[in-house]
Amino acid sequence: MGIFGRKNDESTSTGATAATAALTGDYTIDPAHTTLGFVARHAMVTNVKGSFQEFEGTLHLDGADPSKSTASLDIKMDSITTGSPDRDGHLKSADFFKIDEFPTMTFRSTEAEALGGDDYRITGDLTILGVTKPVTIDLEFNGAAKDPFGNERVGFEGKAEIKRSDWGVTWNAALETGGVLVSDKIKLNFDISAIKNA
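Just so it is clear, the model here is predicted, and its values are computed rather than measured.

(A) Looking closely at the nonpolar core. One finds Phe97, Leu126, Ile128, Val154 and Phe156 to be the most contacted residues of the largest nonpolar core, which totals 42 residues. The greatest single-element share of this core, amounting to five residues, is contributed by strand β11 (residues 182-196).

Quick look at the structure:
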């Protein structure tokens, strides 16, 4: 059941189906039911997982032309959490995210495409520490439903990989056994629930 094409629905002259056309519109990301997570390799032997607790974002879905769909996200860097207050404090410091100077990380989409089935790809500008670089996110559409409160929801899962050094986040420490304490490669994971605007 793809958001932009369902096999059992009759297509309109625009290529959209009645079901997908109903999904077209503006949505607000629901922070209470959304997870913005990341994974970094620590000491070359294990993964440390973290997430951001405070953020706001919007989606525009176009059921007739997925390339016109957009996404926008603003993340408060002070809300980073990894389960360790000491580590969180270090990440907020000048060694990493310099949150006093750069309190927000942002994403603004520049391109969207349907890959077939439930798979989509969105490319956009990710800004960290005042540095803006492109990033591509692979998304899977999880479906649409009306919740018990009457909200029309859509859900997506997404993933991407970035190198933190591309944004100037370069702090590290060498290990006696070789290698470094924190990986340059960071995996980003998204579980997104968004509510259609009235």
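(B) The environment of Glu161, seen in detail. Note that Glu161 resides in strand β10 (residues 152-163). Along the sequence, Glu161 and Thr136 sit 25 residues apart, while their C-alpha atoms lie 8.3 Å from each other. Not counting chain neighbours up to four residues away, the residues in contact with Glu161 comprise Lys185, Ile186 and Lys187.

(C) Summary view of the packing of aromatic side chains. Enumeration according to the criterion identifies three aromatic pairs in this entry. Judged by centre distance (5.6 Å) and plane angle (45°), the ring pair of Phe38 and Phe52 falls under tilted. Placement of the pair is Phe38 in strand β2 (residues 35-42) and Phe52 in strand β3 (residues 46-52), with a sequence separation of 14 residues. Residue classification places Phe52 among the buried positions, given a relative accessible area of 10%. Residues Phe96 and Trp171 carry aromatic rings whose centres are separated by 5.3 Å and whose planes lie at 50° to one another, so their mutual orientation is tilted. In this pair, Phe96 sits in the loop between α2 (85-92) and β7 (104-116) while Trp171 sits in the loop between β10 and β11, placing the two residues 75 residues apart along the sequence. Its relative accessible area of 26% is what places Trp171 among the partly exposed residues.

(D) The side chain of Arg153, seen in detail. Relative to the elements of secondary structure, Arg153 occurs in strand β10. Separated by 2.9 Å, the side chains of Arg153 and Asp147 make a polar contact. Within the structure, the side chain of Arg153 is placed 2.9 Å from the side chain of Ser193, a separation counted as a polar contact.

Basis of the calculations
Residues numbered from 1 in each chain as written. Predicted model: local features only at pLDDT ≥ 70, side-chain atom pairs only at ≥ 80, totals over all residues. Heavy atoms only, no water. Core = buried A, V, L, I, M, F, W, Y, C linked by side-chain atoms within 4.5 Å. Buried < 20%, exposed > 50% of the residue type's maximum accessible area, 1.4 Å probe, protein only. Helix = DSSP H or I, 4+ residues; strand = E, 2+ residues; numbered from the N terminus. Contact = heavy atoms within 4.5 Å. Phe/Tyr/Trp six-rings, centres within 6.5 Å; stacked < 30°, edge-to-face > 60°. Polar contact = N/O pair within 3.5 Å; in protein donor to acceptor, adjacent residues only side chain to side chain.

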